[in-house]
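# Understanding the architecture of this molecule
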Amino acid sequence: MTSTPTAHDTASWQAADAAHFLHPFTDFQQLAKKGSRVITKADNLYLTDSEGHRLFDGMSGLWCVNVGYGQQSLIDAAAHQMKELPFYNSFFQTTTPPAVELAQLLAEVTPPQFQHVFYAGSGSEGNDTVVRMVRRYWDLQGQPERQVIISRWNGYHGSTMAGASLGGMKYMHAQGGLPIPGITHIDQPHWLEHGAGMTRDAFGLKAAGWLEQKILEVGPDKVAAFIGEPVQGAGGVIVPPATYWPEIQRICDQYNILLVSDEVICGFGRTGNWFGCETMGTKPDLMTFAKGVTSGYIPLGGVMVGDRVAKALIEQGGEFEHGYTYSGHPVACAVAIANIKLIQSLKLVERVRDETGPYLAAQFAQLNDHPLIGETQTCGLMASMQLVKAKDRGDGHPAMFDSALEVGMLCRGHCFANGLVMRAVGDRMIIAPPLVMTIAQVDELMGLIHKCLDLTLGDVRARGWV
C-alpha cells in the first residue's frame, strides 16, 4: 500500500500516481518509468510544479482557462452555490436557478439563431448529444433515412464512442472498432498538406468541394449533417483558407444539410469573436461548447440548439430520450455565469480581436524567418508553427522531417525545460494562451519560443538531420 505523499515530496507523488492513476492518452508503462510532472499551483498565466519551477502556460490548461488562473469571482461563485444548492438534477420536470440564468446568458452571447441550450458535462458528451439530436431532428421531419454525419480527417470531437467516431483521428479509431455506423470523413483544409501548387483561396474552394463530393457519394437523402471545428485545434491549429467556410455553408444550404460548429476550443473569445463561427462567417444549426464556458474551473459542456432544430424538438418531438445526471449542474452553471460576466467586464473578446490577437499574429509572422519554420498560422489567441527540414522542397512547399525523428517532441522537451508549456502535434508546435494575456506577456512568450526553437535547431544540426 502506498503512503499519502506530502505536498513537497515529488517522488512520493509520482510513485502514488504510477500506482493508481491511469492518465488519458498515455502509455501507462512509459509514464510510470519516467514519472509524472506534478503541478501544484497556478496564478494568472503561470503554473508551478512540485519542484518550484515556474511555467508559462501557453496552452490555457487544455484550451480552457480563458480567464487565467486564480479569478476570485469564479471561486466565490462556486463556494456560494455549494452552500446554497450543491446539486440537483434537471430530470423529472425540475430546474435550478443557475441553469436557467446561464441559459438566458448563453442566448445573449451566442449568435441570434440560438435561443436554447442542452447541457452536458463535457465537449465529448456535447458531441454525443449532437449525434442523437441530429438524427432525432430528421426523424421528426419524416426522413429517418438521413443518418449519415460527415466530419473531417484530423478533426477532433472528443473521445467518447460517438465523439471519437466524429473525430478523424485514425489512431483513436484503431482502438475500439470505430467509427460507429453512419459517420464518414473528408480530408481536412490543410494547405500545407494538400494544396501544393495552389493559392490558399483556390485550395479553400477545392477542400470545401470535398464535402459536396461526399454528399453525392453517400446520397443527399442520406446525409444528416456536417460537423467541423472553425479552426482545428488538437489537429494542429489548422486555420482554413478564407474561402473555405463560406463555401461549406453554401453547400450545406444547397443540400439542406444541418451544419454543426464544434466550438469546444474556439468558443468564448478564443478567435477574437465570441464564437469561431462568427469569425468564419457561418450560421450553424447546432453549436457544441465546453472548456471556455467555465474557463475549466468546473466541468461543463453542452449544445446550443438553433431555431430550426429547437422548433422541431419542442413542437413535434414529444420526449427526447437523452440526457445526463449532470446536465445543468448548478455549481458548474454558477461558475459559467461568473466566467462569462468576467469575460464581458474585462472586454476580453474585444482585447483579443483588436489588441493581443493582431500583436501575436505579427510576432508569429516573424518566426517565418527562423530556419526551422515552414509555416505559421494564427487566429485570435491560437497559433501554430510547422517545424521543417527545409523551407522549400522545390515546389513552393517545405520539406518535412521524417516523423520517426519526433522533432516536435524534441522541441517540446526544450519548452518544458525552459519554463514554457507549448504543445507538439507531430512536428507542428501550437499555443492557445489565456485570453487575459497582456502585450508584455506576448513578448515574454515569444522570447521563450525563440529560445526553444534555437535549442531545437542546435540539436537537429548536431544530429545531422538538416
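Further up the page is the structure itself.
All figures in this text were calculated on a predicted structure; none of them were measured in a lab.

### What about the overall build of the protein chain?
In terms of regular secondary structure, the protein chain is built from 17 helices and 15 strands. Here the C-alpha atoms of the protein chain give a radius of gyration of 22 Å, agreeing with the 23 Å that 2.2 N^0.38 yields for 466 residues. Overall, the C-alpha framework of the protein chain stretches about 65 × 60 × 45 Å when taken along its three principal axes. Residue burial in the protein chain is summarised as follows: out of 466 residues, 55% are buried. Entry remark: accessible area of the protein chain is about 19900 Å², with carbon and sulfur atoms responsible for 53%.

### Regarding the layout of surface pockets
Volume-wise, the second largest pocket comes out at about 830 Å³. Contributing to the lining of the second largest pocket are 26 residues, with S90, V117, F118, F320 and H322 lying nearest its centre. Elements that contribute at least two residues to the lining of the second largest pocket include exactly β4 (114–120), α6 (123–140) and α13 (307–315). Broken down by element, the lining of the second largest pocket gets its largest block of residues, 5 residues, from β4.

### What about the sheet that holds strand β11 (residues 373–378)?
Taking strand neighbours across the sheet as the criterion, the 4 strands line up as β11-β12-β15-β14 in an open arrangement whose pairing is antiparallel. Two strands bound the open sheet, and with one partner strand each, they are β11 and β14 (423–425). Going across the sheet, the axis of each strand differs from the next one's by a mean of 25°, ignoring polarity. In the sheet, β14 pairs with strand β15 (residues 428–431) via 3 bridges, with the strands oriented antiparallel. Note that in β15 the partner of V425 across the bridge is R428.

### Brief notes about the pairing of strand β2 (residues 46–49)
As paired strands, strand β1 (residues 39–43) and β2 are joined by 4 bridges and run antiparallel to one another. Considered in β2, the bridge of K41 is made with T48. In this antiparallel pair of consecutive strands, β1 and β2, the connection spans 2 residues, and N44 shows a positive phi of 60°. In the sheet, β2 pairs with strand β3 (residues 54–57) via 3 bridges, with the strands oriented antiparallel.

### A word on the side chain of S36
One can find S36 in the loop between α2 (28–34) and β1. A polar contact of 2.6 Å, which involves the side chain of S36, links it to the side chain of D17.

### A short note on the sheet that holds β2
Taken in spatial order, the 4 strands make up an open sheet running β1-β2-β3-β13, and their pairing is mixed. With partners counted over all chains shown, the strands left at the sheet margins are β1 and β13 (420–421), one partner each. Relative to β13, β3 is paired through 2 bridges, and the arrangement is parallel. Following the sheet pairing, D57 is matched in β13 by V421. Its contacts with the sheet put helix α17 (residues 439–462) on β2, β3 and β13, and the angle it makes with β3 is roughly 110°.

### Brief notes about the environment of D17
Take D17: it is sitting in helix α1 (residues 10–20). A sequence separation of 15 residues divides D17 from A32, and the C-alpha atoms of the two residues are 8.1 Å apart. Residues within four places of D17 in sequence aside, it is in contact with H23, L31 and S36.

Reading the values: rules and limits
Residues numbered from 1 in each chain as written. Predicted model: local features only at pLDDT ≥ 70, side-chain atom pairs only at ≥ 80, totals over all residues. Heavy atoms only, no water. Helix = DSSP H or I, 4+ residues; strand = E, 2+ residues; numbered from the N terminus. Rg over C-alpha atoms; globule rule 2.2 N^0.38 Å. Buried < 20%, exposed > 50% of the residue type's maximum accessible area, 1.4 Å probe, protein only. Areas by Shrake-Rupley, 256 points an atom, 1.4 Å probe, with all protein chains shown as cover. 1 Å grid on protein atoms, 1.4 Å probe; cavity = no way out; pocket = protein on both sides within 12 Å on 5 of 7 lines; lining within 4 Å. Points joined across faces, edges and corners; volume = space filled by probe spheres on them. Pairing = 2+ DSSP bridges. Axes fitted to C-alpha atoms, helices over the stretch in contact; angles between N-to-C directions. Polar contact = N/O pair within 3.5 Å; in protein donor to acceptor, adjacent residues only side chain to side chain. Contact = heavy atoms within 4.5 Å.

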